[in-house]
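Below, each chain spelled out in residue letters.
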Amino acid sequence: MQSWRRKSLWLALSASWLLVLLRVFPLLRLAVPTRPWAGAPQGWPRWLDAELLPHFSQPGELPKDDLQPPRGPRGGSCDWGSCFDVSKCRGGRLKVFVQPVAGPISDAHRGILASIESSRYHSVSPDEACLLLGLEAPAGECSPVPPQWNGGRNHLVLSLHPAFCPQTFQLGQAMVAKAGPTVDTFRPGFDVALPLLPEAHPLRGGAPGQLGQHSPHPGVPLLALAEERGGWRTAGADSSACPWDGRCEQDRGPEQTHPGATLPNATFCLIPGHGPDALHFLQALQAGCIPVLLSPRWELPFSEVIDWTKAAIVADERLLFQVLTALQEMPPTRVLALRQQTQFLWDAYFSSVEKVIHTTLEIIQDRIFGASAHPSLLWNSPPGALLALPTFSTSPLDFPFYHLQRGSRPTGRFSALIWVGDPGQPPLNLIQAVAGSQHCAQILVLWSSEKPPPLRWPKTAVPLTVLAGQRKASDRFLPHTAISTDAILSLDAHSSLTTSEVDFAFVVWQSFPERMVGFLTWSHFWDEARGGWGYTAERANEFSMVLTSAAFYHRYYHTLLTHSLPEALRTLADEAPTCADILMNFLVAAVTKLPPIKVPYGRQHLEARPPLTPGGPESQPPAQDCINQMAAEFGSMPLVSSRLRLDPVLFKDPVSVLRKKYRSLEKP
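Residues numbered from 1 in each chain as written. Predicted model: local features only at pLDDT ≥ 70, side-chain atom pairs only at ≥ 80, totals over all residues. Heavy atoms only, no water.

J.: Sorry, what's going on with the packing of helix H6 (residues 332-350) against helix H7 (residues 353-369) here?
T.: The geometry of a pair of packed helices is captured by two quantities: the angle between their axes and the separation between those axes. Following both chains from N to C, one finds H6 and H7 inclined at 85 degrees, their axes separated by 7 Å at the closest point. Between H6 and H7, the angle falls in the class roughly perpendicular. Seen from H6, the contacting residues are Asp347, Ala348, Tyr349 and Phe350; seen from H7, they are Lys355, Val356 and Thr359. (Axes fitted to C-alpha atoms, helices over the stretch in contact; angles between N-to-C directions. Helix = DSSP H or I, 4+ residues; strand = E, 2+ residues; numbered from the N terminus. Parallel < 35°, antiparallel > 145°, perpendicular 65-115°, else oblique. Contact = heavy atoms within 4.5 Å.)

Structure below.
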């Protein structure tokens, strides 16, 4: 009997240890309590991964908490339906009027004003706007209540720094966009949580993410610990970490201390939950270090639209050592996915003040449109919701960026858009060559010449329509309603192509619908003597631009260029027609972070017209030095160089021409 009892005891102990070992990794994904409302009892936890529960109960079977939402801070109970009048937004579009600031303003405020005034949200009149935006005064000061205050209704108080003015300033029904708000004062669905930005954060452009590799490197430390004084302390994978209050005494192992200005070089960044460490969170994103938030007491930035479970880990600070063990056992594929997402979120929403401001306004725009404005996929997948305009479409399939994720490719045919400027010679041969393509759906001739268009045009197998232009180089990039296909073949009257070249280029574009596919190329370079960028049309192995005089791209880029880019850039393209090619290449490269694709062309093609005087930028007139002006407007140089050219399989094989699909590309 005693022997049987001993065996039963050992069996029970062994089973208990096995269960403990099997449950170590899920400790990382344990739920954190819902927002700790002041004075309210804690309810059921909010699970970060519902797939951990299938063997226990379905989410719908969990008991519901009968809790009332907290009352809004400094202004009573406010939500979107009761404190914002959507009827003032004409046509469902957000228009913002910035309240004038009394007295001198700082450089930071001046930059915010400039970013809003150059955006598509800006309105010059408070009567036409449906949102009045007020910038918070510096710490310790309060701006006077504006004349159109109306109790704060349809107002947004913007504060990029955590210090609010004293409580004498009554917010009423105004929304608050605040950096690092605490969870007990944040009103979900009404307020907007902002990131805590450093004072020297760039206004536009911003530094790129600093993830130097695409997978964890053996030499990179596993952990970086955020310190209260603003720095980082790195530790190896075999070392244990102490909480920041010093309650443990284990050996911390080899460590390295970094000053606050240095980004952490580690795989995971452990960040405590109190408010001042919200700045550490932004540093971790830029560095490609996966943030591990230990019971955060502040609202994550833009949590209304960003799915932070794809880029960060939220864990209970009381289970610190179990969390560290789970981090060491995380699969490399999961680590890679989290690190890549941190880089996307940093570049799309946090790398500059301008992106933070525009993201805030886009969230409010989504509330006006409704739940269908931006699906979660558009917010949480490249290139991001700021570059996926809901005025174009609310379906991911209509954009060129999501075909690879959904396992699809563009269908249908293309529209040829031929721009005819002076001297106004009809491109008859080009029309016949393009119309002969099996993929051509229509031909649109954009007539922008002083001479009137001819009354008779050649008969073609596809519809031919003549559109009246405004004699501007940017006319070809307007979202013409006559374009009925996703693919556009942009051409000039002087272009020369064969039907086989058009067919092959379109097939290539179907595999890369987010990129530009062209025949004639330019390349950009940095000129040390002039201290600026230059570009050349000389034929070389490396290129970074394709000419829009013969190129395929998605029609969405017409909408994005017209409604997203500042008017100064479009004006620059009109003043110097050569800059129109550069502007479209800048836009596509800034959105995709990818170079264009070059396809072969025959000897009968016209040579690429030189961008300016051949021989380099030293002879470029200042008025036409548009590449540097565009780089300044974009905040960085978005162009990406490439050496890739795609050819047909039998392009140069010494076989019979009859066996080649694209016979006229090149004969053996």
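J.: Got a minute to help me understand unusual backbone geometry in this structure?
T.: When glycine is set aside, most residues are seen to have a negative phi, and most peptide bonds are trans. The residue after Pro382, namely Pro383, is reached through a cis peptide bond having omega 5 degrees. Along the chain, Pro383 turns up in the loop between helix H8 (376-379) and helix H9 (403-406). Of note in the backbone geometry, Asn150 takes a positive phi value of approximately 55 degrees without being a glycine. Secondary-structure assignment places Asn150 in the loop between strand S2 (131-135) and strand S3 (155-159). With phi around 60 degrees, Arg471 is a residue other than glycine that occupies positive phi space. With respect to the helices and strands, Arg471 occurs in the loop between strand S14 (464-468) and strand S15 (487-492).

J.: Whenever I open this one, the state of the cysteines confuses me. Can you help?
T.: Linking two cysteines covalently through their sulfur atoms gives a disulfide. Within this structure, the stated rule accounts for four disulfides. Across the disulfide from Cys89 sits Cys130; the S-S distance is 2.3 Å. On the sign convention where negative is left-handed, the bridge of Cys89 and Cys130, at about 90 degrees about the S-S bond, is right-handed. Here the residue Cys89 occupies a position in the loop between helix H2 (80-83) and strand S1 (96-98), and Cys130 occupies one in the loop between helix H3 (107-117) and S2, the gap between them amounting to 41 residues. Residue class for Cys130 comes out buried when judged on its relative accessible area of 2%. (Disulfide = S-S within 2.5 Å. Buried < 20%, exposed > 50% of the residue type's maximum accessible area, 1.4 Å probe, protein only.)

J.: I keep staring at helix H5 (residues 320-328) and nothing clicks. Help me out?
T.: Three- or four-residue spacings in an α-helix give side chains the same orientation, since the helix completes a turn every 3.6 residues. Among the residues of H5, those classed as buried are Leu320, Val323, Leu324, Ala326 and Leu327. Within H5, the buried residues cover an arc of 165 degrees as seen down the axis, which keeps them to one side. Against strand S6 (223-226), strand S9 (268-272), strand S10 (290-294) and strand S11 (313-315) lie the buried residues of H5. (Arc of directions from axis to C-beta.)

So, to be careful, I would describe these as geometric facts and stop short of saying anything about function.
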